[in-house]
Amino acid sequence: MIYYVTNQKQIDPLFKACTVEDMLFYFKDHIDIQVDTETTGFFDFKNEILLLQLGDFNNQYVLNFIELTKEQKNLINNQIFLNLNICKIFQNAKFDIKFLWHYGFDIVNVYDTMLAEILLNAGKNTPDGFYSLFSLGKRYCNIELDKETRGKINSYGFSSRVIEYAANDVKYLETIKNKQIDGLQKLELANDDCQDIYTVCGLEMNAVIVFASIEYNGIKLDMSKWQEVQKLVLTEQDIVARNVDEIVWQEPKLKKFQYIYQDLFTTAHNTTTVNWASPIQKLKVLKKLFPEIQDTSERIMSQYKSKHPIIGRLLDFNKINKLDSFAKKMPEHVNKITKRIHTDFWQILDTGRVSSNKPNLQQVPSRTELGGKMRSCFVPEEGYKMVGGDYSGCELRIIAEFSKDPVWVNAFKEGKDLHSELCAITFGIDIKNVKTATPFKPNIKYRDVQKTLNFGLAYGMSEYKLADTIDITVDQARAIIDKFFKAVPKVKLFLDMLGKLGKTRGYIKTAKPYGRIRWFDGWDSHDFKRLGEIERQSKNHPIQGGNADMTKLALVLLYRIIKENNYPVKLIHQIHDEIQTEVKEEFAFEWSKIMESVMIKAACTILKEVPMVVDCKVAESWSK
């Protein structure tokens, strides 16, 4: 039955009128309540909630939210949303939670049917809309929910059709949840308590509240500093473009080309009018050097990197050009009400990692000088500090933990520089000489080669990728990898074992207690290219996914501590193995110690033998 909670005296006979008190009495013994909202749009601190829906399969309550009094909202908040004994079931919970927070509600004990479905299918090639409520309804309940009314409440008003549509959005969520839990338990991704943060299901259901919090809090951008960064990016872009121009003028094969396409060249020596950001113009030049080249994508151009210096510079130009586009668009994302940027997180990629967009704050580089200047533009409010925590060598420590290689394990236990230790062994040189130039590439140091190799392992790096990355021959790269694996055979055995598992059973898991699954389509085929991809992804998932598991656990634990102690701290960003917070100035140092302790505690859930180090920094801006 659909109940409509409203002050209207006359309502459609299809529905029954009732009060907030009647609804609360009905739910007083429930352990699951299905929740949804109808709003005027996406959350932006301006859009509003129009309807609030609460229900189970038998009865759905549609509340005219605009008419609710402060007292009624408090009753709903205290008896339902703050009740730890009631699981609130949402579809795409993050959307609704931010709206409810904005109206003073607080939410605990959440289950998100969308996130659960992503956990069940991570890695699979799913079609668009696979995780929508419409698809879940068809898959689990054999019903087709109305799609046409969605988003039309602004034009339809609180019509009978809108109320019925809103009620149906909360009618089937518990049925979907129960069937999902059966599947999650069979895969050992959940237990009877779907809030247990030491299962991957419970971890994600708690983490969705944290990511909603990060999005809601946002991060401040110093606009004047950002404008200076934009100028630096343009200057760098111009320098790289001029370098490409010089290569073009010095290339004999392009002399004739200069006369044919005179409009692309200036009369001044060493300059052209080629727009190196244009794929068409760029391809026109490159075809004179490589007639067979078909496009100027990064993947294709990388294959020609060792054949001509213009390719390397064009790849550099592409990187700086992307940064230029990113820098220009960033101010558009500053919210006019909060004066802060509120990114949008996609919580579960195939490995369990997180991505962000609108804008993609994970795109801000961290290691270059320009990247450092870009990060310095993200600042706290007056009277606050930025306190960031960063797992040190997280993925390398995971490799050490599960390969049990003595060189790796001892290096971390004794606080040594792993890159230098391995470099000395791989190249047979004294550890004092690891920062000297290599004979095969004078502009690259031994340690830089080793560092590239170490981090590449987590992504299944081949000799071809290593050769391309540091611009050496494939034979040279193969020889380096062979020497490395002879020095650390247990690492090779571990990675080979992971690669084989994915190819022979069609999935791979992260370490206990989580066991996050990534599925592989095509594992039972004879497509050698696909099998090669699966092997690389199988090596990567337990490493990158383990990183994601411990970082999300750290976020959940930090969020709980902040809430329980009412600390003057906001979680404002998460990127890979890094967490950023905004803290009252006088509490910043104390918080950095708490943060370090909590992050290490989270890591110890996965790392039992290899110690974790967390770099916590109190700063005036986002820094790494």
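Before going into details, it helps to say that this report is about the structure given with it. These numbers come from a predicted model, not from an experiment. (Residues numbered from 1 in each chain as written. Predicted model: local features only at pLDDT ≥ 70, side-chain atom pairs only at ≥ 80, totals over all residues. Heavy atoms only, no water.)

1. Observations concerning the overall build of the chain
Secondary structure assignment for the chain yields 24 helices and 18 strands. The globule rule puts the C-alpha radius of gyration for 624 residues at 25 Å, and the 28 Å found for the chain is close to it. Principal axes of the C-alpha set define a box for the chain whose edges measure 85 × 60 × 60 Å. A burial count over the chain gives 53% of its 624 residues as buried. Considering only contacts within the chain whose residues lie at least 6 apart along the sequence, 64% involve residues at least 24 apart. Split by element, the accessible area of the chain, about 28,600 Å² in all, is 51% carbon and sulfur. Of note, the chain has its 85 positive side-chain charges centred 5 Å away from the centre of its 81 negative side-chain charges. (Helix = DSSP H or I, 4+ residues; strand = E, 2+ residues; numbered from the N terminus. Rg over C-alpha atoms; globule rule 2.2 N^0.38 Å. Buried < 20%, exposed > 50% of the residue type's maximum accessible area, 1.4 Å probe, protein only. Contact = heavy atoms within 4.5 Å. Areas by Shrake-Rupley, 256 points an atom, 1.4 Å probe, with all protein chains shown as cover. Lys, Arg positive; Asp, Glu negative; His and termini not counted. Charge placed at Lys NZ, Arg CZ, Asp CG, Glu CD.)

2. Points about the state of the cysteines
Summed over the entire model, instances satisfying the criterion amount to 0 disulfides. Free cysteine C194: the closest other cysteine sulfur is in C87, separated by 4.6 Å. Judged by relative accessible area, which is 8%, C194 ranks as buried. (Disulfide = S-S within 2.5 Å.)

3. A closer look at the sheet that holds strand 12 (residues 378-379)
Adjacent strands of a sheet form backbone hydrogen bonds with each other and so pair up, either parallel or antiparallel. One open sheet holds the 3 strands; their spatial order is 9-8-12, and the pairing between them is antiparallel. Each having just a single partner strand, strand 9 (340-341) and strand 12 make up the two edges of the open sheet. (Pairing = 2+ DSSP bridges.)

4. Regarding helix 2 (residues 70-81)
Looking only at helix 2, the buried set comprises K73, I76, N77, I80 and F81. Buried residues in helix 2, looked at end-on, bunch into an arc of 105°, giving them a common side. Looking at helix 2, the residues exposed on the side facing more than 90 degrees away from the buried face are E71 and N78. Its buried side turned inward, helix 2 meets helix 1 (20-27), strand 3 (32-39), strand 4 (49-55), strand 5 (60-64), strand 6 (87-90) and helix 3 (93-102). (Arc of directions from axis to C-beta.)

5. Brief notes about the sheet that holds strand 1 (residues 2-5)
Spatially, 2-1-5-4-3-6-7 is the arrangement adopted by the 7 strands of the open sheet, whose pairing is mixed. With one partner strand each, in any of the chains shown, strand 2 (16-17) and strand 7 (110-112) form the two edges of the open sheet. Judged from the 5 bridges that link them, strand 4 and strand 5 form a sheet pairing that is antiparallel. By the bridge assignment, L51 is partnered in strand 5 with N64. Against the sheet, helix 4 (residues 113-121) engages strand 6 and strand 7, with an angle of about 55° to strand 7. (Axes fitted to C-alpha atoms, helices over the stretch in contact; angles between N-to-C directions.)

6. Regarding the packing of aromatic side chains
Evaluation of the coordinates by the stated rule reveals 27 aromatic pairs. Relative to Y172, the ring of F57 has its centre 5.9 Å away and its plane inclined at 70°; by these criteria the two rings are edge-to-face. On the criterion of sequence distance, the pair formed by F57 in the loop between strand 4 and strand 5 and Y172 in the loop between helix 7 (160-168) and helix 8 (173-186) is long-range, its members being 115 residues apart. Taking the relative accessible area as the measure of exposure, F57 reaches 42% and is therefore partly exposed. The class for Y172 is buried, based on a relative accessible area of 14%. Measuring from ring centre to ring centre gives 5.2 Å for F130 and Y131, while their planes differ by 90°; the resulting arrangement is edge-to-face. As far as burial versus exposure is concerned, F130 and Y131 are alike and both buried. Ring pairing ties together the aromatic residues F42, F43, F45, F95, F99, W101 and Y216, which thus form one cluster. (Phe/Tyr/Trp six-rings, centres within 6.5 Å; stacked < 30°, edge-to-face > 60°.)

7. Observations concerning the pattern of salt bridges
Opposite charge on two side chains lets them pair, provided their charged atoms get close. Inspection of every chain in the model, using the stated rule, returns 37 salt bridges. The closest approach of N and O atoms between E215 and K94, which form a salt bridge, is 2.6 Å. One end of the pair, E215, is in helix 9 (residues 200-217); the other, K94, is in helix 3, and 121 residues separate them in sequence. For the pair E215 and K94, one class covers both residues: buried. For D316, the salt bridge goes to R313, with nearest N and O atoms at 2.6 Å. Of this pair, D316 and R313 both sit in helix 14 (residues 309-329), separated by 3 residues, roughly a single helical turn. Residue classification places R313 among the partly exposed positions, given a relative accessible area of 25%. (Salt bridge = Lys/Arg side-chain N within 4 Å of Asp/Glu carboxyl O.)

8. Topic: the side chain of N454
Mapped onto the elements, N454 comes out in helix 19 (residues 446-457). Engagement of the side chain of N454 in a polar contact is seen with the side chain of H419, the distance being 2.9 Å. Apart from the residues within four sequence positions on either side, N454 is in contact with L396, W408, H419, L422 and F484. (Polar contact = N/O pair within 3.5 Å; in protein donor to acceptor, adjacent residues only side chain to side chain.)

9. Remarks on the nonpolar core
In this structure, M23, L54, F81, Y111, L184, Y391 and W591 are the most contacted members of the largest nonpolar core, which totals 104 residues. The greatest single-element share of this core, amounting to 11 residues, is contributed by helix 9. In terms of nonpolar packing, the next biggest core, distinct from the first, is built from 42 residues, L283, L314, L323 and M374 among them. (Core = buried A, V, L, I, M, F, W, Y, C linked by side-chain atoms within 4.5 Å.)

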